[in-house]
Amino acid sequence: MEQHLRSDHHGLERPAPAPDLRELERGKPRLGKRLAPYGLIGPGGLWLAIFFLIPMVAMFLLSLETPVPSQGFKDLGYRFTWHLGEYATALSMFHTQFIRSLVYAAIVTGLTLIVGYPVAYWIAFKGGRHKTTFLFLLLLPFFVSFVIRSLAWQFILSDGGIVLTALERIHVLPQGFHILSTPTAVIAGIAYNSLPFMVLPLYVSLEKIDRSLIEAAGDLYSTPRDVIRKVVLPLSVPGIFAGFLLTFIPAVGDYVNNDILGGTNTTMIGNVIQRAFLNDQNYPLASALSFILMLVLLVGIILYARVLGTRQIEEYL
Amino acid sequence: MERTPDAALIRGLTQRRISRRDALRYAGIGAGAIGLAALLDACGVGSSSAAGSASAAAFDWSQQTLHHQLNFANWPYYIDTSHGTHPTLDTFTQQTGIQVNYKPVINDNQGFYAKIKPELEEGKPTGWDIIVITNGAQLSELIDNQWLIPLDLSKLPNFTKYASDSIKSPSYDPGNTYSVVWQSGFTGLAYSPKATEALGREPDSVDDLWDPSLAGHVGMMSDNTELGSIGLLKLGIEPSTSTPADWTKAAQALQQQKDAGIPRGYFDQGYINQLEDDNTWLTQAWSGDVFLANQTGYPELKFIVPKEGVMFWHDNMLIPVGAANPLDALTYMNYAYDPHVAALMANYIWYVTPVPSAKPIVASLPGGKPVADSPLVFPDQAMIDQTHTYYVYTGTEDLDQWNNTFDPIITG
C-alpha cells in the first residue's frame, strides 16, 4: 500500500489500483466485473465519438477538399484531393489575426487573474457565512444574455453616450476621445465577460486550502505577505490553471466582442472563421483555420502545463 | 430630404419599430451556430454527388391546385404589422381562403441560404413556399442550380400590369423567370450634423468618406459587395461592368482609406446604431433604415444620394423547388402587386415599393403623405437615373476573386 500513499508528481500514469485481496484469492476476476469500467465510460465515450470525434474527422477531411470546378454557380460539391494549400493560405493570409487573438487572450487572462484573484480570495477567506450570496452576486449580471451585456457596453461607452460626454465636459478626457472600436474596448469586453470563469475555479481552490496551514505559517513567524506568497499562492495553482483554461481558450476564439465593440484593426481569428464559413462559404479554408487554431491552443496548453509542473491535468480541475 | 413629421405617431403606432436590418443584428450570431451545423451536414457525407435531384425545369403549372396553405419566409419588420397581426395577410386569407404561415426568419442572405442549401442539395423540400432573397451571389446560386421553380407570369396579371419598369426583367434574372421583387432599396450615405460641422459643409460625395477631417468617424459596411461597390463608385467605375483589375484599384483606395485611420469600423446592420450614437458621423447606409431612424427619435439624421449615385438593390420573392404549395405562392405574389396592398405595405416598410401606382393610395392613408412624397419610397426617374446596379457574379471563381480582393480590408 505504500506506493498508493505516495502522491505521484512526475509520472503521467495513474498509480496502479490496489489489488482486491479477495479477487487475488479467487484467481481471475469475473468477466462482468472486468468489463464494468468500460460499460461506465460507454455513454460518455459514445457522446464524444458522435458529437466530437466524427465531426472533427469530417472537418479535417473537408479542409483537404477542393470544390469541383463548374460553370457559373452550379454546385458540384467538393472533391477530396489531399490539397494542403488551404493551410498555407490560412497561415499566410491570416497570421496577423492568429497572433492578435493570442495576444488579446493573454492580456484578458492576465487582467482577469489580477482582478479575479483578490475577489476570489476575499470571498473564500472573508466571506464568512455569506459566501454563497457573494458568489451569487458575482454571477448575477451573467443571468442576462452575453450579447445583450456587450450591447449595453456599446451603448454606455458610445461617443455620444453618458460616460464619455460627461468626462469630456469636466475635461478628464480630451475632446474627441473614443474608446469603442479600439483594441482596448475589445479586450475589456472579453475580460468583462470571462471574469466569473476565472473567479470560480480560483475560489474553489482557495476555499479548499487547509486553514491550519496558514496558522502554522503564522506560528513560524511568517509575515502576512509571505503567507500569501509561500502558502496560499502555491496551493491555489490548480485554480489558476483551471481559470486559465476556462478564460484563455474561449477568449482566443471569441468573435462577438469584436463584432460589437471592435473597429478596423481588431478582427480576431473567430471573425475570420465565421466569415469564411457563413459569408464566403469557403468551407475548406474555414476548416483549415479552425484546425490550426486548435493545434496552436493544444500545443500552447501542453507547454503551459509543463511550466506549471508535470502534474496530470485532471489534478488541476 | 426634408424633415418629416412623425408619421408613426400620427398613425397611433406607439411601439418602437425596429428596422428589419437592425432588429436581428445579433440573432445572426445564434443563427451562426445553426448554420455551422447545416454546413457540416452539407459538406460531409455525399457532398461530392451532383446537386439537385428535383428538377425545376420540368415544372408543370397546369397540374397545380390550391392547397389553401402558404409558408412564407421573410425578413423581420418587412411587412405591415398592427397589434401583432399583418392586415394585408389577413385580407389575403379572407379573399382566397389561403392560410398564411408567415415567419420572419431571414436575418441575412448567407445565413438563410446556408440553412436551406443542404435540403435543396438532397432534393428535399425546404418547408417554404416563398422565400425572399436579395439579388447577389445566393440568388445566382439558387438560379444556376435550378433550385427555384420557374414562375408562370400568365398567373401574375398584377405584376404585368402594375410592376415598375425598373424592376421588370432585371439583369440578374432576365424575363423574371424565377423572381419578382418584394421591395427594393438604395445604398447611399447617411450623416449626422456632426459631419457637417467637421467638414464645414453638407457631405455630398462618396469622396467625403475619404475626408481626413472625419477620421475615426466614418462608417463602412462589412458586406463586401457594398464595400467593394462604393470603392468602385469612388473611382468613377460603374460596378455592374467592372473588371477584376478595377476591383484591385478599388481595394487599394479602400486600403488607403483604412491606413489613414478614417473608417471607424466595418459594420453590419449595426451601422445605423453607430450613427445614432454619434460614433460615426458619415456612413454608408440603406435608405429605409434612415427613414425609420427619423421616425424613432433621430430626426437629425439625413440620407443623401451622393453625386456619384447610389446602389440599387432588390429583395426578391422566390419559390424554392420542392415547395408544397406553389400555386398558393403564385397567388400571393400576384396579390402583393395589387396597388392597394402594395400601398399598405409601403406605408409601413419605407423601402422602395415595386408598384409605383400605389403612390396616390399611400398619400390618402393617414400619415401617408411624407411616405408618398419621399423619392426613397417612390423614386422618380431623376432618382432612378442616379442608381447603379451591382456587379453580377458569373460564377464561383468570380465570386471568390471578389471576396479575396475585398475581404482582407474588412478582416485585416
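Each value, and the rule that gives it
- Residue positions within a chain follow its written sequence, with the count starting from 1.
- Whichever chain is written first is A, and whichever ligand is written first is 1; the rest continue in order.
- Where totals are concerned, whole chains, interfaces and linings use all residues; where local detail is concerned, this predicted model gives features only for residues with pLDDT of at least 70, and gives and counts side-chain atom pairs only at 80 or more.
- To qualify as a helix, a DSSP run of H or I must reach at least 4 residues; to qualify as a strand, a run of E must reach at least 2; elements of each kind are numbered from the N terminus.
- Each residue is classified by how many other C-beta atoms fall within 10 Å of its C-beta atom, where C-beta atoms are placed from the backbone; a count of 20 or more means buried, 12 or fewer means exposed, and values in between mean partly exposed.
- Distance between backbone-placed C-beta atoms decides contact: two residues are in contact if it is within 7 Å.
- pLDDT gives the predictor's per-residue confidence on a scale running from 0 to 100.
- Residue ranges for the domains trace back to a domain assignment, done automatically or taken from a database.
- Under the convention adopted here, Pro, Cys and the residues Ala, Val, Leu, Ile, Met, Phe, Trp and Tyr are nonpolar, Asp, Glu, Lys and Arg are charged, and Gly plus all remaining residues are polar.
- One bridge is not enough; two strands pair if DSSP finds at least two bridges between them.
- Starting at the helix axis, one direction is taken to each C-beta atom, and the arc is that of these directions.
- Orientation is described by lines fitted to C-alpha atoms, with helices fitted over the stretch in contact, and by angles between N-to-C directions that extend from 0 to 180 degrees.
- Relative orientations are named as follows: roughly parallel for angles under 35 degrees, roughly antiparallel for angles over 145 degrees, roughly perpendicular for angles from 65 to 115 degrees, and oblique for any other angle.
- Handedness of a crossing is defined here by the sense of rotation of the near helix relative to the far one, left-handed for an anticlockwise turn of less than a right angle and right-handed for a clockwise turn.
- As used throughout, a nonpolar core is a set of buried Ala, Val, Leu, Ile, Met, Phe, Trp, Tyr and Cys residues joined through C-beta atoms within 7 Å of each other.

If you tally the helices and strands in chain B, you get 18 helices and ten strands. Put simply, chain B has 412 residues, and 55% of those count as buried. Considering only intrachain contacts with a sequence separation of at least 6, the fraction spanning at least 24 residues in chain B is 79%.

Within chain A, the secondary structure is distributed over 15 helices and two strands. Looking at chain A as a whole, 32% of its 317 residues qualify as buried.

Take the confidence of the model for chain A next. Counting all residues, the mean pLDDT for chain A is 85, and 88% of those residues have values of 70 or more. The model gives residues 1-13 of chain A a pLDDT under 50, and that stretch makes nine contacts with residues more than four places away or in other chains.

Attention now moves to the domain arrangement of chain B. Accessible area lost on assembly of the parts is the figure often given for the size of an interface. Assigned domains of chain B: these are domain 1 (20-41 + 56-178 + 313-378) and domain 2 (186-309 + 396-411). Each of domain 1 of chain B and domain 2 of chain B was reduced to a C-alpha centroid, and the two centroids are 27 Å apart.

Further remarks concern the interface of chain B and chain A. Tallying the contact residues gives 38 residues for chain B and 39 residues for chain A. Only α3 (27-43), α5 (109-121), α6 (137-144), β6 (263-267) and α18 (396-411) of chain B provide two or more residues apiece to the side of chain B that touches chain A. Top element by residues in the side of chain B that touches chain A is α3(B). It accounts for seven residues. Residues of the side of chain B that touches chain A, tallied by class, amount to eleven nonpolar, 19 polar and eight charged.

Let us look at the pairing of strand β3 (residues 130-134) of chain B. Residue and element names in this part refer to chain B. Within β3, five of the five residues are buried, leaving the element largely enclosed by the surrounding structure. Examined bridge by bridge, strand β1 (residues 69-73) and β3 share two bridges and lie parallel to one another. Its bridge partner lying in β3, phenylalanine 72 is registered against isoleucine 130. Note: β3 against strand β9 (residues 310-318), four bridges, orientation antiparallel. Opposite isoleucine 131, over in β9, you have leucine 318 as the bridge partner.

Residues and elements named next belong to chain B. Within helix α4 (residues 87-96), burial applies to Thr88, Leu89 and Phe92. Take α4 and look down its axis: the buried residues cluster within an arc of 100°, on one side only. Exposed side of α4, more than 90 degrees from the buried face: Asp90 and Gln94 are the residues found there. In this structure, the buried side of α4 is in contact with β2 (99-103), α13 (326-336) and α14 (339-349). Directly after α4, the chain includes glycine 97, whose backbone phi takes a positive value near 75°.

Let us look at the packing of helix α8 (residues 183-208) of chain A against helix α11 (residues 237-253) of chain A. Angle between the axes and distance between the axes are the two parameters that describe a pair of packed helices. Residue and element names in this part refer to chain A. For the pair α8 and α11, interaxial distance at closest approach is 7 Å and the crossing angle is 160°. It follows that α8 is roughly antiparallel to α11 by the angle criterion. When the axes of α8 and α11 are compared, the crossing they make is right-handed. Within the contact between the two elements, α8 uses Ile190, Ser194, Phe197, Met198, Pro201, Leu202, Val204, Ser205 and Leu206 and α11 uses Pro238, Gly239, Ile240, Ala242, Gly243, Leu246, Thr247, Pro250 and Ala251. Its residues assigned to classes, the contact of α8 with α11 comprises 13 nonpolar, five polar and no charged.

Our next topic: the environment of Lys115(B). Residue and element names in this part refer to chain B. By the element assignment, lysine 115 lies in helix α5. Overall, lysine 115 belongs to the buried group, with 20 C-beta atoms counted inside 10 Å. Taking the C-alpha atoms as reference points, lysine 115 and threonine 126, eleven residues apart in sequence, are found 9.1 Å from one another.

Glancing now at the pairing of β6(B). Residues and elements named next belong to chain B. Among the five residues in β6, five count as buried, and that is most of the element. In this structure, strand β5 (residues 218-221) lies alongside β6, joined through four bridges in parallel fashion. In the strand pairing of β6, methionine 220 is matched with tyrosine 266.

On to the nonpolar core, then. In this structure, Leu289(A), Ile130(B), Leu148(B), Leu227(B), Ala342(B) and Ala346(B) are the most contacted members of the largest nonpolar core, which totals 170 residues. Formed jointly, this core draws a minimum of three residues from each of two domains, domain 1 (20-41 + 56-178 + 313-378) and domain 2 (186-309 + 396-411) of chain B. Not counting residues up to four positions away in its chain, the partners in contact with Ile130(B) are Leu70(B), Phe72(B), Ala73(B), Met317(B), Ile319(B), Ala329(B) and Tyr332(B).

This part is about the packing of helix α13 (residues 269-279) of chain A against helix α14 (residues 283-307) of chain A. Residue and element names in this part refer to chain A. Contact pair α13 / α14: the axes reach a minimum separation of 8 Å and the direction vectors enclose 155°. Between α13 and α14, the interaxial angle falls into the category roughly antiparallel. Relative to α14, α13 is oriented so that their crossing is left-handed. On α14, the residues that touch Ile269, Val272, Ile273, Ala276 and Phe277 of α13 are Tyr283, Leu285, Ala286, Leu289, Ser290 and Leu293. Residue composition of the contact of α13 with α14, by class: ten nonpolar, one polar and no charged.

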